[in-house]
Amino acid sequence: MSKIAIMGAMPEEIEPLLKKVENIKEINYANNTYFEANYKGKELVIAYSKIGKVFSSLTASTLLEKFSCKKLLFSGVAGAINPALKIGDLIIANKLCQHDLDISIFGHDFGYVPEGAKFVETDKALREIAKEVAKENALSLIEGTIATGDQFVASNERKAFISENFQADALEMEGASVAVVCDALNVPFFVLRAISDTANDDAGMDFDQFMIGSAKISANFILDMVEKID
Ligand code: ADE
């Protein structure tokens, strides 16, 4: 049976998973801990990467290359840009971009470098499974663009920049880098986020207040999806 990777960025994003899985075996590798486990007959490898694009690229690469995971699901929290998204709401990425990648001085779009792509798409079959889970649980699920950058955004000005240049619905700090890794290695991947804040002046306070609850909402949804993945 093929192994499924589930990753988050912070301990709080994977702790709800570790509470529900069985037969946990810890493996330390490359300054991180990887948890092999079972859930409803499925083999999982779970890890949090630490925050940001570099750490998340390392963890995603390790999950695919060392642990041979054949699918990757990311679970965590995000700041909302789309005003329809409220704290606790779920968004799945249909595509992701790097809002802080900038060689625009040479005439390129923000988020683009030669031989890269401005947007990386997620796996359609995994998105369909997410929609089934949402329907079964009567949860609303927005599908949209997620923008990633190595900065915690707490400003309406930065939000407007990301909205104008990427038409993004939500923002976070790991999704697009994980997307680049999975796309390059041809592994189907999926990014789910529950909203913890709206990336405005209050974002720091909101994040502290709502991150744990939103991380749990996302993690529980991911486990419902695992049951449906072949
Ligand atoms: N993850 C959750 N909220 C965020 C924000 N405001 N900026 C970046 N990443 C986030």
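Rules and cut-offs
Residues numbered from 1 in each chain as written. Predicted model: local features only at pLDDT ≥ 70, side-chain atom pairs only at ≥ 80, totals over all residues. Heavy atoms only, no water. Near = heavy atom within 4 Å. Polar contact = N/O pair within 3.5 Å; in protein donor to acceptor, adjacent residues only side chain to side chain. Helix = DSSP H or I, 4+ residues; strand = E, 2+ residues; numbered from the N terminus. Nonpolar A, V, L, I, M, F, W, Y, C, P; charged D, E, K, R; others polar. Core = buried A, V, L, I, M, F, W, Y, C linked by side-chain atoms within 4.5 Å. Buried < 20%, exposed > 50% of the residue type's maximum accessible area, 1.4 Å probe, protein only. Disulfide = S-S within 2.5 Å. Pairing = 2+ DSSP bridges.

1. Observations concerning the site of the ligand
Step number 1: Residues in close proximity to the ligand total 13 residues, the closest being G79, V153, L171, S196 and D197.
Step number 2: A distance of 3.3 Å separates a nitrogen atom of the ligand from a polar atom in the backbone of G79.
Step number 3: Measuring from a nitrogen atom of the ligand, one finds a backbone N or O atom of V153 at 2.8 Å.
Step number 4: Sorting the residues of the shell around the ligand by element identifies β5 (71–80), β9 (170–172) and β10 (189–197) as the ones contributing at least two each.
Step number 5: Tallying contributions element by element places β5 first for the shell around the ligand, with 3 residues.
Step number 6: Residues that form the shell around the ligand fall into these classes: 8 nonpolar, 3 polar and 2 charged.

2. Topic: the nonpolar core
Grouped burial of nonpolar side chains is what soluble globular proteins tend to show.
Step number 1: Counting residues in hydrophobic clusters, the biggest one holds 37 residues, and the most contacted among them are L72, L96 and F189.
Step number 2: Those elements giving two or more residues to this core turn out to be β1 (4–8), β4 (42–48), α2 (53–65), β5, β6 (90–98), α5 (175–184), β10 and α6 (203–228).
Step number 3: Counting 29 residues, the second-largest nonpolar core is a separate cluster that includes F35, Y39, I46 and L126.

3. Let's talk about the state of the cysteines
A covalent bond between the sulfur atoms of two cysteines is what we call a disulfide.
Step number 1: Going through the model one piece at a time under the given rule, you end up with 0 disulfides.
Step number 2: Left unpaired, C69 is separated from the closest cysteine sulfur, that of C182, by 9.8 Å.

4. Some points on the pairing of strand β2 (residues 22–29)
Step number 1: One ladder, built from 6 bridges, connects β2 with strand β3 (residues 32–39); its direction is antiparallel. Bridging across to β3, Y29 finds its partner in N32.
Step number 2: Where β2 hands over to β3, the hairpin turn is made up of 2 residues, of which A30 adopts a positive phi near 50°.

5. A short note on unusual backbone geometry
Note on backbone geometry: most residues besides glycine have negative phi, and most peptide bonds are trans.
Step number 1: A positive phi angle, close to 55°, is found at N23, a residue other than glycine.
Step number 2: Along the polypeptide, N23 turns up in strand β2.
Step number 3: Exposure remark for N23: the relative accessible area of 58% places this residue in the exposed category.
Step number 4: A positive phi angle is found at A138, which is not glycine, with a value near 50°.
Step number 5: Its place among the elements puts A138 in the loop between α3 (124–136) and β8 (141–148).

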